[in-house]
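# Tertiary structure, described
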Amino acid sequence: HVQLVESGGGSVQAGGSLRLACVASGDTVTRMRMGWFRQAPGKTREGIACFYAGGSGPYFVDSVKGRFTASQDNAKNTLYLQMNSLTPEDSAMYYCAAEGIGGGCLISQAYNYWGQGTQVTVS
C-alpha cells in the first residue's frame, strides 16, 4: 500500500514561487510512475508534471512549461514540484499521485494512489 502526503501549499502573490513536496511510503518514488495534478473549482483534474517508472521525465503540461520544474529525491523518497512565476490561474488543489499502468503519465486515470492534496492560492 502506497501512501502519499503533500505539503508546501499556501497563498502567494502573482509572480511568486512555491515548492510542493510529496513524501511517499510503501515504495520508492523512482520505481513508480509519479505525477502532480491540480484541480480548481469547476474544472476537471489536470496533469501538471510527471515521471514514468524508472525516473524518465519530467514531462509537463504546456501551461506550466518554463515555469515549473519537478524532481525526485530517492534518499527522502519525495517528489517535488517547484512552481515559479505563479499566476491566479495556477490556483488549485494540488495532488500527488503514484503508480499506474499504461497511458500517458499526465492522465489521472492512470494512477492508483493519491495524496490528500495541498491548496495553492495565487492572488
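Keep in mind that this is a model prediction, so the values were computed, not measured. (Residues numbered from 1 in each chain as written. Predicted model: local features only at pLDDT ≥ 70, side-chain atom pairs only at ≥ 80, totals over all residues. Heavy atoms only, no water.)

If you tally the helices and strands in the protein chain, you get 0 helices and 11 strands. Each helix and strand of the protein chain, ordered N terminal to C terminal, gives the series β-β-β-β-β-β-β-β-β-β-β. Against the compact-globule benchmark of 14 Å for 123 residues, the protein chain has a radius of gyration of 13 Å, which places it among compact chains. If one aligns the C-alpha atoms of the protein chain with their principal axes, the spans along those axes are about 35 × 30 × 25 Å. Considering the protein chain as a whole, with its 123 residues, one finds that 43% of them fall into the buried category. Long-range contacts, defined here as pairs at least 24 residues apart, represent 59% of the contacts in the protein chain between residues at least 6 apart. Charged side chains of the protein chain number 9 positive and 8 negative; the gap between the two group centres comes to 2 Å. (Helix = DSSP H or I, 4+ residues; strand = E, 2+ residues; numbered from the N terminus. Rg over C-alpha atoms; globule rule 2.2 N^0.38 Å. Buried < 20%, exposed > 50% of the residue type's maximum accessible area, 1.4 Å probe, protein only. Contact = heavy atoms within 4.5 Å. Lys, Arg positive; Asp, Glu negative; His and termini not counted. Charge placed at Lys NZ, Arg CZ, Asp CG, Glu CD.)

Here the structure, examined in full by the defined rule, presents 1 cavity of 30 Å³ or more. Taken as a whole, the largest cavity encloses approximately 40 Å³ of empty space. Taken together, the residues that form the lining of the largest cavity break down as 2 nonpolar, 3 polar and 4 charged. (1 Å grid on protein atoms, 1.4 Å probe; cavity = no way out; pocket = protein on both sides within 12 Å on 5 of 7 lines; lining within 4 Å. Points joined across faces, edges and corners; volume = space filled by probe spheres on them. Nonpolar A, V, L, I, M, F, W, Y, C, P; charged D, E, K, R; others polar.)

What follows covers the pattern of salt bridges. Inspection of the entire model under this criterion finds 5 salt bridges. A salt bridge links R31 to D27; the nearest nitrogen and oxygen atoms lie 3.2 Å apart. For R31, a relative accessible area of 60% gives the class exposed. One salt bridge connects K65 with D62, and the closest N-O pair in it is separated by 2.9 Å. (Salt bridge = Lys/Arg side-chain N within 4 Å of Asp/Glu carboxyl O.)

Here we take up the side chain of R38. With respect to the helices, strands and loops of the structure, R38 is situated in strand β4 (residues 34–39). At 2.7 Å, the side chain of R38 and the side chain of E46 are in polar contact. A polar atom in the side chain of R38 sits 2.9 Å from the side chain of Y94. Excluding anything up to four places from it in sequence, R38 contacts T44, R45, E46, I48, S63, V64, F68, E89, D90, A92, M93 and Y94. (Polar contact = N/O pair within 3.5 Å; in protein donor to acceptor, adjacent residues only side chain to side chain.)

M34, F68, L81, M83 and Y94 are the most contacted members of the largest nonpolar core, which totals 29 residues. Setting aside residues no more than four positions away along its own chain, L81 makes contact with L18, R19, L20, W36, I48, A49, F68, T69, A70 and Y94. One finds F37, C50, C105 and A110 within the second-largest nonpolar core, a separate group that totals 6 residues. (Core = buried A, V, L, I, M, F, W, Y, C linked by side-chain atoms within 4.5 Å.)

With that settled, consider unusual backbone geometry. Backbone phi values are negative for most residues with the exception of glycine, while trans is the configuration of most peptide bonds. Following G57, the chain continues to P58 via a peptide bond in cis, the omega torsion being 5 degrees. With a phi angle near 50 degrees, N77 is a residue other than glycine that sits in the positive phi range. One non-glycine residue with positive phi stands out, namely S85, at about 50 degrees. Assignment of secondary structure puts S85 in the loop between β8 (78–83) and β9 (92–98). Here S85 falls in the partly exposed class, since its relative accessible area comes to 40%.

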